[in-house]
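Spelled out from the first residue to the last, the chains are:
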Amino acid sequence: MSDNAATVTLPVNVEQIQQLLPHRYPFLLVDRVIEIVPDQSVVALKNVTINEPFFNGHFPGHPVMPGVLLVEAMAQAAGLLTQISNRIKGNTGNPLFYLVKVDNARFSAPVVPGDQLRLEVSVKRVMRGMGLFAARTLVDGKEVASCELMCAARSDK
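Model, not experiment: these values are computed from the prediction. (Residues numbered from 1 in each chain as written. Predicted model: local features only at pLDDT ≥ 70, side-chain atom pairs only at ≥ 80, totals over all residues. Heavy atoms only, no water.)

**So, the pairing of strand β1 (residues 32–37)**
So, point 1. In terms of strand pairing, β1 meets strand β2 (residues 41–47) through 5 bridges, oriented antiparallel. Along β2, the bridge assignment pairs Arg32 with Leu45.
So, point 2. In textbook terms, the turn of a hairpin is the stretch between consecutive antiparallel strands, and for β1 and β2 this stretch comprises 3 residues, one of which, Asp39, has a positive phi near 65 degrees. (Pairing = 2+ DSSP bridges. Helix = DSSP H or I, 4+ residues; strand = E, 2+ residues; numbered from the N terminus.)

Dropping the structure here:
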């Protein structure tokens, strides 16, 4: 992604993602953005490796990515959709959004080292500083997790 707000060059790499999201290791859970339709949808990737710190305790001898981190990865992808869309429209500030609600979370298969997560997020609606998103995660074309996310812009009151 260049400094020119009107253009976004795909893929958006991890260095560019760090300019858009406040998350850092070990909690940055998106490695790349490969598709975007501004204000509508995004597709991002997360490469899962045995080096992830959560695998030490979840579970020794049988590493499985925690479901809450799959939800967090989808929420970060939603944040990238919002931030990149704002940049395309010429808004260069990075307002902070908080995850305020998760509905209908489903986990249909374990995520293990070596998997590549395909995070697909689309906007359902935006209202009064809040966004409702439909999100799903796929591994090798098979859905492994899905949920609805609500995020709200930070209020400095």
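Next, the rest of the story.
**Quick word on the environment of Cys147**
So, point 1. Within the secondary structure, Cys147 sits in strand β6 (residues 142–153).
So, point 2. Classification of Cys147 as buried rests on a relative accessible area of 5%.
So, point 3. Along the sequence, Cys147 and Val121 sit 26 residues apart, while their C-alpha atoms lie 9.7 Å from each other.
So, point 4. If near-sequence neighbours (up to four positions away) are discounted, Cys147 is found in contact with Val71, Met74, Val102, Asp103, Asn104, Ala105, Phe133, Ala134 and Ala135. (Buried < 20%, exposed > 50% of the residue type's maximum accessible area, 1.4 Å probe, protein only. Contact = heavy atoms within 4.5 Å.)

**Side note on the sheet that holds β2**
So, point 1. With antiparallel pairing, 6 strands are arranged side by side in an open sheet as β1-β2-β4-β5-β6-β3. Two strands close off the open sheet at either side, each with one partner strand: β1 and β3 (97–107). Ignoring strand direction, the axes of neighbouring strands in this sheet form an average angle of 20 degrees. (Axes fitted to C-alpha atoms, helices over the stretch in contact; angles between N-to-C directions.)

**Let's talk about the UniProt feature "active site" (unreviewed entry) in the protein chain**
So, point 1. In the numbering adopted here, UniProt assigns the feature "active site" (unreviewed entry) to His58.
So, point 2. Mapped onto the fold, His58 is located in the loop between β2 and α2 (67–88). (UniProt positions renumbered as here; feature names shortened; annotations may be inferred.)

**Some words on the nonpolar core**
So, point 1. Counting 39 residues, the largest nonpolar core has Met65 and Leu149 as the members making the most contacts within it.
So, point 2. Looking at this core, the elements with two or more residues in it are α1 (14–20), β1, β2, α2, β4 (116–127), β5 (130–139) and β6.
So, point 3. The biggest single contributor to this core is α2, with 11 residues.
So, point 4. Sequence-distant contacts of Leu149, that is, excluding residues within four places in its chain, are made with Val71, Met74, Ala75, Ala78, Leu99, Lys101, Val102, Gly131, Leu132, Phe133 and Ala135. (Core = buried A, V, L, I, M, F, W, Y, C linked by side-chain atoms within 4.5 Å.)

**Points about α2**
One turn of an α-helix holds 3.6 residues; hence residues three or four places apart share an orientation.
So, point 1. With 22 residues, α2 should cover 32 Å at 1.5 Å per step; its first-to-last C-alpha distance of 32 Å lies within 8% of that length.
So, point 2. The buried fraction of α2 amounts to 19 of the 22 residues, a majority that puts the element mostly inside the structure. (Expected span 1.5 Å × (residues − 1).)

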